[in-house]
Amino acid sequence: MTLAVMPTSFVYELVLFLHIFAAIAGFGPTFVWPVISVIGRRSDDPVFGARLGVLIEDLGRKFEPFIFANGLLGLLLVIFGATHDPAYIEFSDTWVTIAMTLYIAAMVLSLLVHQPNLKAMAVLQQELIDGASGGGAHAGPPPQVAELEERGKK
């Protein structure tokens, strides 16, 4: 008895569909966030920009599971293909090796560098929002704006 999942089977096609769906749902919004953040930066109101930043951070967390699912589902597709017919898809295929390496590198970079920076920015943005609701008058932009701009460059 073989445990192979045929590339023409319902299970394989379902996993392929979910892999493509997860890629669209997980990575698609990342092309929208920079456009929205430009709107916030061009605004004369730092609180408006901060609120947009908080919104982007919150929505980004909601789409994050799709990014992790995409890697897992891609791995399953390679396993299914390799168990069916080693000539079909193999882990040693150049494109699979490159894709897995890039995915793992991007996840490590995201989790160790990008996410901590985004969390710090979310705290600064919330301070801006809270400071604005407190009604304190500032001579010039609030101090959080400069740090947000610096972190945004990263």
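Scroll up for the structure.
Residues numbered from 1 in each chain as written. Predicted model: local features only at pLDDT ≥ 70, side-chain atom pairs only at ≥ 80, totals over all residues. Heavy atoms only, no water.

S.K.: Tell me about the overall build of the protein, residues and numbers included.
M.R.: For the protein, the count of helices and strands is 5 helices and 0 strands. Counting all 154 residues of the protein, 28% fall into the buried class. Counted over contacts in the protein with a minimum sequence separation of 6, partners at least 24 positions apart contribute 67%. Total accessible area on the protein stands at roughly 10,100 Å², and carbon and sulfur atoms take up 70% of it. (Helix = DSSP H or I, 4+ residues; strand = E, 2+ residues; numbered from the N terminus. Buried < 20%, exposed > 50% of the residue type's maximum accessible area, 1.4 Å probe, protein only. Contact = heavy atoms within 4.5 Å. Areas by Shrake-Rupley, 256 points an atom, 1.4 Å probe, with all protein chains shown as cover.)

S.K.: Provide a residue-level description of the packing of aromatic side chains, including the pertinent values.
M.R.: Within the structure shown, the criterion is met by 4 aromatic pairs. Residues Phe17 and Phe21 carry aromatic rings whose centres are separated by 6.4 Å and whose planes lie at 20° to one another, so their mutual orientation is stacked. Taken together, the positions of Phe17 and Phe21, both in helix α1 (residues 10-27) and 4 residues apart, correspond to about one turn of that helix. Taking relative accessible area as the criterion, Phe17 reaches 53% and is therefore assigned exposed. On the basis of an interplanar angle of 75° and a centroid distance of 5.8 Å, the ring pair of Phe21 and Phe66 is categorised as edge-to-face. With Phe21 in helix α1 and Phe66 in helix α3 (residues 46-84), this pair connects stretches of sequence that are 45 residues apart. An aromatic cluster of at least three residues, connected via ring pairs, comprises Phe17, Phe21, Trp33, Phe63 and Phe66. (Phe/Tyr/Trp six-rings, centres within 6.5 Å; stacked < 30°, edge-to-face > 60°.)

S.K.: Which residues make up the environment of Tyr103, and what are the values?
M.R.: Its location among the elements puts Tyr103 in helix α4 (residues 94-134). On a C-alpha basis, the gap between Tyr103 and Gly71 in space is 7.1 Å, while along the polypeptide they are 32 residues apart. Excluding its chain neighbours within four sequence positions, the residues that come into contact with Tyr103 are Ile67, Phe68 and Gly71.

S.K.: Which residues make up a nonpolar patch on the surface, and what values go with them?
M.R.: Residues Phe68, Ile104, Val108, Leu109, Leu111, Leu112 and Val113 make up a contiguous nonpolar surface patch of about 670 Å² in total accessible area. Top element by residues in the nonpolar patch is α4. It accounts for 6 residues. (Patch = residues over 30% accessible without salt bridge, like charges linked within 9 Å, V, L, I, M, F, W, Y side chains within 5 Å. Salt bridge = Lys/Arg side-chain N within 4 Å of Asp/Glu carboxyl O.)

S.K.: Quick one: what's the story with the pattern of salt bridges, residue by residue and with numbers?
M.R.: If the charged atoms of two oppositely charged side chains come close together, the side chains can form a pair. Enumeration over the complete set of coordinates arrives at 2 salt bridges. Among the salt bridges present, the one from Arg61 reaches Glu57, with a minimum N-O distance of 3.0 Å. In this pair, Arg61 and Glu57 both sit in helix α3, 4 residues apart, roughly one turn of the helix. Taking the relative accessible area as the measure of exposure, Glu57 reaches 8% and is therefore buried. For Arg61, the salt bridge goes to Asp58, with nearest N and O atoms at 3.6 Å. With Arg61 and Asp58 both in helix α3 and 3 residues apart, this pair spans about one turn of that helix.

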